[in-house]
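# A look at the structure
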Amino acid sequence: MEVFQVFFDSIIFILPLWFGNASPTILGGGAPIDGGKYWRDGRRILGDGKTIRGFWAGTLVGGIVGMLIAIILPIFSIDLEYITLLDKGLFYSIASNLNLSFLYTNQTVFGFLLGAIQTFGGLIGDVIGSFIKRRSGVERGQTFIFLDQLGFLILGMGFIYILIPWPITWFLVLVPITFLMHIIANLIGYFTGIQDVPL
Ligand code: CTP
Ligand code: MG
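Residues numbered from 1 in each chain as written. Chains lettered and ligands numbered in written order. Predicted model: local features only at pLDDT ≥ 70, side-chain atom pairs only at ≥ 80, totals over all residues. Heavy atoms only, no water.

## A word on the pattern of salt bridges
- A full pass over the atoms with the stated rule returns seven salt bridges.
- For Lys50, the salt bridge goes to Asp126, with nearest N and O atoms at 3.1 Å. In this pair, Lys50 sits in the loop between helix H2 (24-27) and helix H3 (52-75) while Asp126 sits in helix H6 (residues 107-135), placing the two residues 76 residues apart along the sequence.
- Assessed through its relative accessible area of 26%, Asp126 is described here as partly exposed.
- Sharing partners across several salt bridges, the network here consists of Asp34, Arg44 and Asp48. (Salt bridge = Lys/Arg side-chain N within 4 Å of Asp/Glu carboxyl O. Helix = DSSP H or I, 4+ residues; strand = E, 2+ residues; numbered from the N terminus. Buried < 20%, exposed > 50% of the residue type's maximum accessible area, 1.4 Å probe, protein only.)

So this is what it looks like as structure tokens:
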């Protein structure tokens, strides 16, 4: 029961990041973040797989998913466990000092913020990942195992720690699950024709 609860709470917490990070595959495109520029090694800084639209659309999707979770779960009388950790975070003390308490007293607003910030962090991780891949000579779209599946999770969890100081058990649960979910989502994307590579 206890183990199930940790799984459930941590997945509810990270769901916006999963959706937000996956959404650029469908919503992305257009101008690349690196402006088409090259690094001194002769390779692209990031490559055409990291676009401005994908970045911001993904962040927005993360926010919307976070907001929907914060609206829907209470309808079914399911508690948002992460809320119990809010007042232990840095964000809470800063926002209350600045009289910005509406940012956390309204669960819907906070849900949006939670989803948007964790996805923003995750997509920063995704950009850093592409930078590392290009510097390592890995072409755009080619898999870099672990970096592709976990880079966004680590940065997303890092950014959101300021809002919700999550317990280490959540992280330990989310690393293997996110790794598997990322691979499964990519395989589904490949077989449904959304993306060209299986991983
Ligand atoms: N995408 C985007 N903007 C982003 C991130 C992703 O438009 N900021 C889109 C791109 O069309 C990209 C697809 O989502 O091809 C899949 O994302 P990802 O696997 O992260 O990019 P890759 O194409 O594999 O490029 P890289 O090797 O640099 O990770
Ligand atoms: Mg990829």
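## Quick look at the site of ligand 1
- Every one of the 16 residues lining ligand 1 counts as a neighbour, but Thr51, Ser130, Lys133, Arg134 and Arg140 are closest to it.
- In the environment of ligand 1, an oxygen atom lies 2.7 Å from a nitrogen or oxygen atom belonging to the side chain of Arg140.
- Computed on the free molecule, ligand 1 has an accessible area of 570 Å², of which 82% lies beneath the protein chains in the complex.
- Only H2, H3 and H6 provide two or more residues apiece to the shell around ligand 1.
- Of all the elements, H6 adds the most residues to the shell around ligand 1, at four residues.
- For the shell around ligand 1, the residue count by class is two nonpolar, eight polar and six charged. (Near = heavy atom within 4 Å. Polar contact = N/O pair within 3.5 Å; in protein donor to acceptor, adjacent residues only side chain to side chain. Areas by Shrake-Rupley, 256 points an atom, 1.4 Å probe, with all protein chains shown as cover. Nonpolar A, V, L, I, M, F, W, Y, C, P; charged D, E, K, R; others polar.)

## Examining the packing of helix H1 (residues 2-22) against helix H8 (residues 168-191)
- Where H1 contacts H8, the axes come no closer than 10 Å and their chain directions differ by 45°. Viewed along their axes, H1 and H8 adopt a mutual orientation that is oblique. The hand of the H1/H8 crossing is right-handed. Where H1 abuts H8, its residues Val6, Phe7, Asp9, Ser10, Ile11, Phe13, Ile14, Trp18 and Asn21 lie against Thr169, Trp170, Val173, Leu174, Ile177, Thr178, Met181 and His182. (Axes fitted to C-alpha atoms, helices over the stretch in contact; angles between N-to-C directions. Parallel < 35°, antiparallel > 145°, perpendicular 65-115°, else oblique. Left-handed = near helix turned anticlockwise from the far one by under 90°. Contact = heavy atoms within 4.5 Å.)

## Here's the deal with the environment of Gly115
- The residue Gly115 is located in helix H6 in this model.
- A residue is classified by how much of its surface remains accessible, and Gly115, at 0% relative accessible area, is buried.
- For the pair Gly115 and Gly156, spaced 41 residues apart in the sequence, the C-alpha separation amounts to 9.7 Å.
- Excluding anything up to four places from it in sequence, Gly115 contacts Pro16, Gly62, Gly63 and Gly66.

## Here's the deal with the nonpolar core
- Grouped together as the largest cluster of nonpolar side chains are 36 residues, with contacts concentrated most on Phe13, Ile14, Tyr82, Phe91, Phe110, Met157 and Ile164.
- The set of elements that each furnish at least two residues to this core consists of H1, H3, helix H4 (90-97), helix H5 (102-105), H6, helix H7 (147-160) and H8.
- Among the elements that take part in this core, H8 stands out by supplying seven residues, more than any other.
- Ignoring any residue separated from it by four or fewer positions in sequence, one finds Phe13 in contact with Tyr82, Leu114, Gln118, Met157, Ile160, Ile164, Trp166 and Trp170. (Core = buried A, V, L, I, M, F, W, Y, C linked by side-chain atoms within 4.5 Å.)

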